[in-house]
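What the coordinates show
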Amino acid sequence: MEGWDPNTKSTLTQIPLLTTKAGPRDGSAWTQRLKEEYKALIAYTQMNKSNDNDWFRISAANPEGTRWTGKCWYVHNLLKYEFDLQFDIPVTYPATAPELELPELDGKTQKMYRGGKICLTVHFKPLWAKNCPRFGIAHALCLGLAPWLAAEIPILVDSGMIKHKDDAASSNES
């Protein structure tokens, strides 16, 4: 964690680390891992809310906990930009990080793969590998999606690639 800003370091240290090394194919061990994932997500969400930094909602989209969907948002120039968020838990999880997807931004930035999967290879994947199995979904959001949104959304807005929903609605009415 050397070289990290104090806020990121503080946030990361408050997200519980996971202990169960299990993936979707591991039966009852996976159930235990999911419980740990939920505890970490709840802690991260509560911490964000208490710091007035609430920026996502996700939940498992299936009973097995292998598909997750929700919303994430970023405030730029006092306007809230909201996006659908989805990802699947890889069968090799937790050795492999989930690929976070923002489908509506597909093709709007070079830091994204087909289907709206955000690029996390250079900075996040080595960090994930080093901290496997202690990192989970909450850590992927904190260290993967949050910095990606902070880096990319202002550029996309300023370049006109994405418009605020109020701007889009008023241009449609004209």
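All values reported here derive from a predicted model rather than from experimental measurement.

**Some points on the overall build of the protein**
What the protein contains, in helices and strands, is five helices and five strands. Starting at the N terminus and walking to the C terminus, you meet the elements of the protein as α-α-β-β-β-β-β-α-α-α. Taking 16 Å as the expected radius of gyration for a compact globule of 174 residues, we find that the protein reaches 17 Å, a close match to that expectation. Taken along its principal axes, the extent of the C-alpha atoms in the protein is 55 × 35 × 30 Å.

**Looking at helix α2 (residues 28–50)**
The end-to-end C-alpha distance of α2 is 33 Å, a good match for the 33 Å that 23 residues give at a rise of 1.5 Å each. Where α2 is concerned, the buried positions are W30, R33, L34, E36, E37, A40, L41, Y44, M47 and N48. The secondary structure elements touched by the buried residues of α2 are α1 (6–14), β1 (56–60), β2 (67–76) and α4 (137–158). Downstream of α2 by one or two residues, D52 has phi in the positive range, about 55 degrees.

**Re the packing of aromatic side chains**
Both the distance between ring centres and the angle between the ring planes are used here to describe each pair of aromatic rings. This structure, assessed with the given rule, holds nine aromatic pairs. Judged by centre distance (6.2 Å) and plane angle (5 degrees), the rings of W68 and F87 are stacked. Taken as a pair, W68 in strand β2 and F87 in strand β3 (residues 79–88) lie far apart in primary sequence, 19 residues in all. The class of W68 is buried, set by a relative accessible area of 0%. Through successive ring pairs, a cluster of aromatic residues spans W30, Y93, F124, W128 and F135. Sitting over the face of the ring of W73, K80 holds its NZ or CZ atom 4.5 Å from the ring centroid.

Thresholds applied
Per chain, residues are indexed from 1 in the order of the written sequence. Reporting of local features is limited, given that this is a predicted model, to residues whose pLDDT is at least 70; pairs of side-chain atoms are given and counted only at 80 or more, and all residues count toward the totals for whole chains, interfaces and linings. Side-chain figures throughout are based on the complete set of non-hydrogen atoms in the structure, without hydrogens or water. Only runs of H or I of at least four residues qualify as helices and only runs of E of at least two qualify as strands under DSSP, and these elements are numbered from the N terminus. For the radius of gyration, the atom set is restricted to C-alpha positions; the globular benchmark scales as 2.2 Å times the number of residues to the power 0.38. What a helix is expected to span follows from its residue count: subtract one and scale by 1.5 Å. For every residue, the accessible area (1.4 Å probe, protein chains only) is compared with the maximum for its type, and the residue is labelled buried under 20%, exposed over 50%, or partly exposed between those bounds. Throughout, a residue-residue contact means that at least one pair of heavy atoms, one from each residue, lies within 4.5 Å. Between the rings of Phe, Tyr and Trp (Trp by its six-membered ring), a pair exists once the centres lie within 6.5 Å; its type follows the angle of the planes, with under 30 degrees stacked, over 60 edge-to-face, and the other angles tilted. Ring-over charges, as used throughout, are those where CZ of Arg or NZ of Lys falls within 6 Å of the ring centre and within 35 degrees of the ring normal.

Shape is all these values report; function is a separate question.
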